[in-house]
Amino acid sequence: MVQSIDQTAVNTVRCLAADVVKGANSGHPGAPMGCAPMAHVLFNKFLKYNPKNPKFINRDRFVLSNGHGCTLQYIMLHLAGYDISMDDLKNFRKLNSKTPGHPEATDTPGIEVTTGPLGQGICNAVGLAAAEAQLAATFNRPGYDLFDNNTYVILGDGCLQEGVSSEAISLAGHWKLGKLIALYDDNAITIDGSTEVSFTEDVIKRFEACGWHTVIVGDGDNDLDAIEQAVADAKAVTDKPTLIKVKTTIGYGSINQGEEKVHGSPLSDDDIKQVKEKFGFDVNEKYFVPQEVYDLYATRAEQGAQLEEAWNALYAQYKEEFPTEAAELERRLAGELPEGWQSALPRFTPADAPVATRKLSEGVLTALSDVVPELLGGSADLTGSNLTRWKKAVDFQHPSTGLGDYSGRYFRYGVREHGMFAIMNGLAAYGVDNIPFGGTFLNFLTYGWGAARLSALSHLRVIYVMTHDSIGLGEDGPTHQPIETLVLTRATPNMLTFRPADGNEVSGTYLVAIEEKHRPSVIALSRQNLPQLEGSSIEAVRKGGYVLQEAENAKLILVATGSEVALAVETAKELAEQDIPTRVVSMPCTELFDEQSDEYKRSVLTPGTPIISIEALGVTGWEKYAHAHVGMRSFGASAPIKDLYNKFEITVDATIAKAKKLIAYYEGVGYVPEVNLDF
C-alpha cells in the first residue's frame, strides 16, 4: 500500500519498538507503538532541537513522563540524529548502554530528566516550564527573546493516578505556564487491565478545574493532522498550560492491541511479523529504518541547527546592547559561581547569642540572595516556620495575579511537598545552573521521597531545607518528630546529609551544598536555639567531621551532630572534672567524612579510644562511627523539649553514666575495636 512519508515514519517507530524490546527480551512495547503518532508529530513538526548540540539552551524540552515507554524516546532521538546509534538501540537494557530500562538524564544525550517512577516526569516538566518563564522574565529584553522555548510532555494513565502529578498540575495552572503542553496517552489500560476497574474520573474536567486549556484528539492512532492541529492550538494559548487528550490504542498493530498483555512484555515473533506485514515492512528484516525516514528527520535536524545559529547571532547582539545582563548569563551558562560569593557567608564567635539553626539558615539565605541570583527558594506552605524567604524576595507568580511576577525567585508551593521536590528537579535540570531549595519539616521529607531520591540519581544540585529536625521540636509529638529520616538520607547514594550545630556550621553547610554541583543536600535544622561553639568554623564542614574540642590523652570521644553537639561539649566539661579527658567531635555530614583519607578519619576517631555518638534521632547507622549511642530507639512523644530529652535519656547525666560503663567495659576486655573499617 502507498503511505505518506509521515505514516511511514510512524510505522517505522512502531516496528522498531517491537524489535528493540524483543531484542532485549524485556521492556514495554505497548506505549511506544501507541504513542508513535504523537511523538512523530512533535519531533518532526514542532520541537526545536539541534542533535549536534543537545544542550542548546533555547531548545524545546521534551519529557516522557511514562518512562517505561523509553524505547519510544530512544528511537525518536536516534531518528532525530542524536548520538544514539542503531547499535545503541540493539543494546537496550544491557549493562553500560546508552539505552537503560528507563530514561536517565546522566546516560543518554537528549534526555532532559530521569523518569520512570510514574508522575515524576510531568512534575519535572512543570519545573522546566517554570524555569523558562523565570529566565525569560529575568533576561529577555524587547526584541531579544533569548528564552522562549516550549516544554512538551507525554504522560499516561499511571502518571495521572499518582498523587504527585495532581500537586504539580494544580501549580502549573495557578502559575499560568502557557509554554507547557502535555499530551495524555489515553489508552485506557494499566497493568491490572482496563482503567474501568480503578480510574474513571473525567480527566478533562480535572485539568480545566486546575486552570488548564484542554483539547481532545479522538483518533490518536491515525489522525496525524488532528494531533498537529491540537498542538498548534495549544501553542496559541499563552496564559494557560494545555492538556491534549489523545485517544490511542496500546500496542497498536499487535494482535493483542488494546490489552494489558502488550504493556510490559515483548511481542512474540509471529506477532512482530504480522505487525510488519500490516504496516508494509519486510517481515524478515529487523531494526530497519527506510532511508526516506532518515532523510525526513535529517531535514528537521538541519532546521534545528539553523535555529541555534540564529539564536547565537541574536545573543551576540544582546551582548553588545546589554553587557551586564549578558555577563551574568555567560557566567551561569558556564556553570560558574559568582566570584568571591563565599565572603558573604556569616561568621560567628562564642560571644554571639544562641540562635536556632533554622533562623541562622534564614540569615545565610538573606546574605546570599543578592550575591547568588541563581538561588530559587520556596516552601511547602511553611515559610514562617522554615524561614526560607529572604527579606527582599519577590514571589514567582503570573503578573496578572498582582502577587509577584515571573522574575520572582521565591516559589509558593502550597501544601505539596512531593510536588515541590519534583518541580525543583525540573528547575535544576533546565541548564543554567539554577540552585533550587525548598523547605518543609524534616519529618515530611518522606512525603516527597520519590522525587528526592531522583535528585540523587540524576546528580542534581537541589537543596532540601528541612527544619524541626528532631524530638527537639517538642509538643507537636511523634507525628512530627523525625526518628528514622536521616538513616534514609545517609544511606542514599550521591546525597549529602547535613545537621549543623551552630552558625558557622550552617554557613559551612551552604558553602558545600552550593559548591556541590552534582549532589543534592538535605539540611536538617533545629527549632530550638543553640549556642555558638568554641572551635567551629565554616571551612571545617568540608571535612564532614572534625575535632571541635581536643583533650590531651583523651579516654573518650563524643561524636555528635546538630543540637547535641552543645550537649557533648557540656558533657565533656563535666567528665574532665571527673578525670576523664574527653574529645568532642562535631559530625555535620557523615558522607563527607567518609570521603576523607583514612589518616584523617583516624585522627578524628582515634583507634583505641571508646566512642559514643549523640543525636536526638534514631541511633541506627551510628554503629559505623561509635561503640555506644545516645539517641532514639522508639518514636518520640508530645511534651516540652526538656521533658522529652529527660524521658529519652539524651542528657549530660545519661551520657556520663553511659561513658563510664563503656570505658569500664573495654578496660575489662583489654582492647577497643576500631570503628569505620571498610576493606
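For the structure, check the block above.
Along each chain, the written sequence defines residue order, and numbers are assigned to residues from 1. Local features in this predicted model are restricted to residues whose pLDDT is 70 or higher, and side-chain atom pairs enter the listing and the counts only when it is 80 or higher, whereas totals over whole chains, interfaces and linings include all residues. Computation of side-chain values: all heavy atoms of the structure, hydrogens and water removed.

Draft legend 1. Representation of the layout of surface pockets in the model. Considering only enclosed or pocket space, the largest pocket measures out at about 570 Å³ in volume. Whether a set of points on the 1 Å grid over the protein atoms alone is a cavity depends on a 1.4 Å probe fitting there but being unable to get out, while an open set qualifies as a pocket with protein on both sides within 12 Å along at least five of seven lines; lining residues are those with an atom within 4 Å of a point. Along its surface, the largest pocket is lined by 26 residues, and Ala 428, Ala 429, Gly 431, Asp 433 and Leu 460 are the ones closest to its centre. Helix and strand definitions follow DSSP, with helices as H or I runs of at least four residues and strands as E runs of at least two, each counted in order from the N terminus. Elements with a contribution of two residues or more to the lining of the largest pocket: helix 12 (323-333) and helix 15 (417-429). Grid points are joined across faces, edges and corners, and a volume is the space filled by probe spheres set on the points.

Draft legend 2. Structural context of the sheet that holds strand 14 (residues 521-524). In this scheme, strands are said to pair when DSSP sees at least two bridges between them. Here six strands make up an open sheet; going across it, the order is 10-9-11-12-14-13 and the pairing parallel. Across the chains shown, the open sheet's two edge strands, defined by having one partner strand only, are strand 10 (410-412) and strand 13 (496-498). On average, each strand axis in the sheet is tilted by 20° relative to the strand beside it, whichever way the strands run. As paired elements, strand 9 (residues 375-379) and strand 11 (residues 435-441) share three bridges and run parallel to each other. Within strand 11, the position partnered with Leu 375 by the bridge is Ile 435. Throughout, an axis means a line fitted to C-alpha atoms (over the contacting stretch in the case of helices), and angles, computed between N-to-C directions, take values from 0 to 180 degrees.

Draft legend 3. Seen up close, the packing of aromatic side chains. In this analysis, rings of Phe, Tyr and Trp, with Trp reduced to its six-membered ring, are considered paired at centre separations within 6.5 Å, and the interplanar angle assigns stacked below 30 degrees, edge-to-face beyond 60, and tilted for intermediate values. A full pass over the atoms with the stated rule returns 30 aromatic pairs. Look at Phe 139 and Phe 147: their rings are 6.2 Å apart centre to centre, the planes differ by 45°, and that puts the pair in the tilted class. In this pair, the class of Phe 139 matches that of Phe 147, namely buried. Judged by centre distance (4.8 Å) and plane angle (85°), the rings of Phe 421 and Tyr 464 are edge-to-face. With Phe 421 in helix 15 and Tyr 464 in strand 12 (residues 463-467), this pair connects stretches of sequence that are 43 residues apart. A 1.4 Å probe rolled over the protein chains alone gives each residue an accessible area, and that area as a share of the maximum for its type sets the label: buried under 20%, exposed over 50%, partly exposed in between. Judged by its relative accessible area of 0%, Tyr 464 is buried. Ring-pair connections join several aromatic residues into one group, and the members of that group are Phe 56, Tyr 144, Trp 311, Tyr 315, Tyr 318 and Phe 322. Comment: the charge-over-ring label is applied if NZ (Lys) or CZ (Arg) is within 6 Å of the ring centre and within 35 degrees of the ring normal. A cation over a ring is seen here: Lys 543 above Tyr 600, with NZ or CZ 4.8 Å from the ring centre. Looking at Lys 647, its charged tip hangs above the ring of Phe 648, at a distance of 5.4 Å from the centre.

Draft legend 4. A look at unusual backbone geometry. Of note, the phi angle at Arg 93 is positive, near 65°, even though the residue is not glycine. One can find Arg 93 in the loop between helix 4 (86-90) and helix 5 (120-139). Under the relative-accessibility criterion, Arg 93 is labelled partly exposed at 29%. Within the chain, Asp 433 stands out as a residue other than glycine whose phi angle is a positive 60°. With respect to the secondary-structure elements, Asp 433 resides in the loop between helix 15 and strand 11. Owing to a relative accessible area of 22%, Asp 433 belongs among the partly exposed residues under this scheme.

Draft legend 5. Spotlight on the nonpolar core. Put simply, a nonpolar core is a bunch of buried Ala, Val, Leu, Ile, Met, Phe, Trp, Tyr and Cys residues held in one set by side-chain atoms that sit within 4.5 Å of each other. Ranked by internal contacts, the top residues of the largest apolar core, which has 76 residues, are Phe 147 and Leu 177. Among the elements that line this core, the one with the most residues is helix 5, at 12 residues. Throughout, a contact is declared for two residues whenever any of their heavy atoms are within 4.5 Å. Those residues in contact with Leu 177 that sit more than four places away from it in its chain are Val 126, Ala 129, Ala 130, Ala 133, Ala 172, Lys 240, Pro 241, Phe 396 and Tyr 406. Core analysis: the next-biggest nonpolar cluster, separate from the first, contains 60 residues, Cys 35, Leu 42, Cys 70 and Ala 80 among them.

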